[in-house]
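Here is what each chain is made of, one letter per residue.
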Amino acid sequence: MRNTAMNMVHKLAARDERVLYIGSDPGAGTLRAMSKEFPKRHLIEGISEAHIIGMSAGLAMEGFVPYVNTIATFLTRRCYEQVAVDLCLHNLPVRLIANGGGLVYAPLGPTHQAIEDIAIMRALPNMTVVCPCDADEAARLMGQTLDWTGPIYIRLGKGGDAVVSKAEHGFEIGKAILMRPPGDVVMITTGIMLQRALAAADLLAAQGIRAGILHMHTVKPLDTKALLQAIRGIRLVATLEEHVPSGGLGSAVAETLIDKLGSGLPAMLRLSLPDRFMHNYGSQDSLLKKHGLSADAIATSIARALPASYTSSPQLHST
Amino acid sequence: MTRISPHAETALACTLDERSLYLRRLVLGSVRSAGRGHVGPALSLIEMVRVLYDDVLRIDPSNPRDPTRDRAILSKGHGCLALYALLADRGFFPLSELDGFCGPDSILGGHPEYGMVPGVEASTGALGHGLSIGVGLALAARMRERTYRTFVLLGDGEINEGSVWEAAMGAAKHGLDNLVALIDYNKLQSYGPTDYVLPLEPLADKWRSFGFAVQELNGHDVGALRTVLKQVPAVPGKPTAIICHTVKGKGLPAAESNADWHHKNKLTDSELDAIRVAVGDF
């Protein structure tokens, strides 16, 4: 996913002279081809994220579209005030390409694990937050970033995530994709949780539970219309995210449902990481499994929650 | 610890001409109307802003977004009363706006906002942002082969922020000789002396070692400011830092070098009387 997104920056630069790549201190050879073809628009500015965000704001004020790239935690925690004030307050078209969203850097420990990035980026007025599920979707997203108004936070997974998105679904920032029709339950996913949701849906189907999937690649602005459509007639809404429970996709969905439905809310199950830093290493997969976000565990949690939801809110959800 | 610069001594002794007194009356009129304002930081800055807007910047108040204009960012946004006075006096907006300072429907807040105030290039107030934005503006000029220059006004307390020094390294890396940093070195931040809070000396050597061409002067000497600012870049191929030795609260004896006047709420009758004695009736 990361290589695809990077290569897309090069392609966009070829198409549009406003496009800049700005890295802090990325891996050797990052966008080497772009650095040769467009050396003046391939900028490596050092481990100085606060400065880089401000500098990108200045460049965007003059009509450039900077694509700023570093590890997700450094692009969010380190320079939060610059992102808030320089980018969001001025509503500038800077694209933040965050490597290693979620637990991609599991072996490197909690300093490198972006577990609250969606929450803090989503909280900022004018910010758009997108979490593509695979390389193909990342490419479709990047193609739409040139003329989007305001800043975008792009949360990338690691390389080699299974490609599950489909070209025929298209892609539009802010428009969720219905991957499977809602049945007894609908799972709302973002980022690479889609892969796990698809596998979990198969496991649930084997138990006779019909599970729909709404892929909410854009967490902000949230596709309220698609969400309200997807929950019609279902018994349980389950949100899946590689993120702490505060402020991420589950929160966004719950807030939206409360705001739009008021009463008669559907039963909800929010599956997420716990509200704590990870002190285990291993791999992204092993940490997700440890915290109940394997396909098996997701299916089990949903199957367990479903009967309860039948009794707790029996007649729901016509909107 | 502080080296006593001869410029600091002349800043203390420097007398103010009628235009400098007039601009102070505008600033203090806003404070009187609003019942609040950062007085000391604005008064130390007035001559720097005055010379920029009167003599140096290529600007057109009737077309504040002219692409060819020079860019100026007040990175120490809390000094905005000085900037507002100059912008109003130069015709970017009516002088009457100054009376609404910090009011519910005013365009003039306690820190300057882009999009609200004609002539303001960037919203500032959180410290340590302006120089990086300035680097971006200056780099854009270079890349687009445009001739505008970028001036960034920084506070001395502000340069406690590490991001300022990240920006300084970035400016030097790119050899941005179309970028000028002016440091309002009044040696007094909110709590007290800069030497006590976080010593800055040797300040000129710091900027020099970060790759800037450095000038030092009395920041209340209008003639010296004109001379130096009209000769930028000081060294081709290098960004310029101008360390302006100033006096916080300059022009009001009670406020000069007095941390209690960093931010002032309602002015008392006796304070208003003292202001009239110092700067004239307003």
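On a predicted model such as this, the values are computed, not experimentally measured, just so you know.

### A short note on the overall build of chain B
Next up, step 1: Check the secondary structure of chain B and you find ten helices and five strands.
Next up, step 2: For 282 residues, the compact-globule estimate of 2.2 N^0.38 gives 19 Å, and chain B sits close to it at 18 Å.
Next up, step 3: Evaluated residue by residue, chain B yields a buried proportion of 52% over its 282 residues.
Next up, step 4: Of the contacts formed within chain B by residues at least 6 apart in sequence, a portion of 76% connects residues at least 24 apart.

### Brief notes about unusual backbone geometry
Next up, step 1: In this chain, Lys220 of chain A is followed by Pro221 of chain A through a cis amide linkage whose omega measures -5°.
Next up, step 2: Summarising the element assignment, Pro221 of chain A is placed in the loop between β10 (218-220) and α9 (224-230).
Next up, step 3: Of the consecutive residues Val232 of chain B and Pro233 of chain B, the connecting peptide bond is found in the cis state with omega at 0°.
Next up, step 4: Tracing the chain through its elements places Pro233 of chain B in the loop between α9 (222-229) and β5 (240-245).
Next up, step 5: Phi at Leu31 of chain A is positive, roughly 55°, even though this residue is not glycine.
Next up, step 6: Among the structural elements, Leu31 of chain A can be located in the loop between β1 (19-23) and α2 (32-37).
Next up, step 7: Here Lys187 of chain B, not a glycine, exhibits a phi torsion of approximately 70°, which is positive.
Next up, step 8: If you trace the backbone, Lys187 of chain B turns up in the loop between β3 (179-185) and α7 (194-197).
Next up, step 9: For Lys187 of chain B, a count of 23 C-beta atoms within 10 Å corresponds to the buried category.

### Examining the interface of chain B and chain A
Next up, step 1: The interface is formed by 18 residues belonging to chain B together with 21 residues belonging to chain A.
Next up, step 2: Looking at the side of chain B that touches chain A, the elements that each hand over two or more residues are α5 (130-144) and α6 (162-173) of chain B.
Next up, step 3: Sort the elements by how many residues they give to the side of chain B that touches chain A and α5 of chain B lands first, with nine residues.
Next up, step 4: Taken together, the residues that form the side of chain B that touches chain A break down as ten nonpolar, seven polar and one charged.

### Description of the pairing of β3 of chain B
All names here are of chain B.
Next up, step 1: For β3, a buried count of seven out of seven residues is recorded, marking the element as mostly surrounded by other parts of the structure.
Next up, step 2: Alternating residues of β3 divide into Leu179, Ala181, Ile183 and Tyr185 and Val180, Leu182 and Asp184, and every residue in both groups is buried.
Next up, step 3: Two elements, strand β2 (residues 150-155) and β3, share six bridges in a ladder whose sense is parallel. Counterpart to Leu154 in the pairing with β3 is Ile183.
Next up, step 4: Remark: the β2/α6/β3 crossover connection has right-handed handedness.

### A look at the packing of helix α2 (residues 18-34) of chain B against helix α3 (residues 39-56) of chain B
In a packed pair of helices, the relevant descriptors are the angle between the two axes and the axis-to-axis distance.
Residues and elements named next belong to chain B.
Next up, step 1: One can describe the packing of α2 onto α3 by two numbers: an axis separation of 10 Å at closest approach and a directional angle of 145°. Classified by chirality, the crossing of α3 by α2 is right-handed. Between α2, through Arg19, Ser20, Leu23, Arg24, Val27 and Val31, and α3, the contact on the second element is made entirely by Val39, Ala42, Leu43, Ile46, Glu47 and Arg50.
Next up, step 2: Counted by class, the contact of α2 with α3 contains seven nonpolar, one polar and four charged residues.

### A closer look at the domain arrangement of chain A
Residues and elements named next belong to chain A.
Next up, step 1: Here chain A is described as being made up of domain 1 (2-155) and domain 2 (174-312).
Next up, step 2: In this structure, domain 1 and domain 2 have C-alpha centres spaced 27 Å apart.
Next up, step 3: Of the residues lining the interface, 24 residues belong to domain 1; the matching set on domain 2 comes to 29 residues.
Next up, step 4: Looking at the side of domain 1 that touches domain 2, the elements that each hand over two or more residues are α6 (117-122) and β5 (128-130).

### Section: the confidence of the model for chain B
Next up, step 1: Model confidence for chain B is summarised by a mean pLDDT of 96, while 99% of its residues fall at 70 or above.
Next up, step 2: Scoring of the predicted complex yields 0.96 for pTM and 0.97 for ipTM.

### What to know about helix α3 (residues 49-61) of chain A
Next up, step 1: In this model, α3 of chain A (13 residues) spans 18 Å end to end at C-alpha, consistent with the 18 Å of a helix rising 1.5 Å per residue.
Next up, step 2: Those residues of α3 of chain A that fall on the buried side of the exposure criterion are Glu49, Ala50, His51, Ile52, Ile53, Gly54, Met55, Ser56, Ala57, Gly58, Leu59 and Ala60 of chain A.
Next up, step 3: In this structure, the buried side of α3 of chain A is in contact with β1, β3 (65-71), α4 (72-76) and α5 (80-89) of chain A together with α5 and α6 of chain B.

So, how was this worked out
Residues numbered from 1 in each chain as written. Chains lettered and ligands numbered in written order. Predicted model: local features only at pLDDT ≥ 70, side-chain atom pairs only at ≥ 80, totals over all residues. Helix = DSSP H or I, 4+ residues; strand = E, 2+ residues; numbered from the N terminus. Rg over C-alpha atoms; globule rule 2.2 N^0.38 Å. Buried ≥ 20, exposed ≤ 12 C-beta atoms within 10 Å, placed from the backbone. Contact = placed C-beta atoms within 7 Å. Nonpolar A, V, L, I, M, F, W, Y, C, P; charged D, E, K, R; others polar. Pairing = 2+ DSSP bridges. Right-handed = clockwise from strand over helix to strand, strands pointing away. Axes fitted to C-alpha atoms, helices over the stretch in contact; angles between N-to-C directions. Left-handed = near helix turned anticlockwise from the far one by under 90°. Domains from an automatic or database assignment. pLDDT = per-residue confidence, 0-100. Expected span 1.5 Å × (residues − 1).

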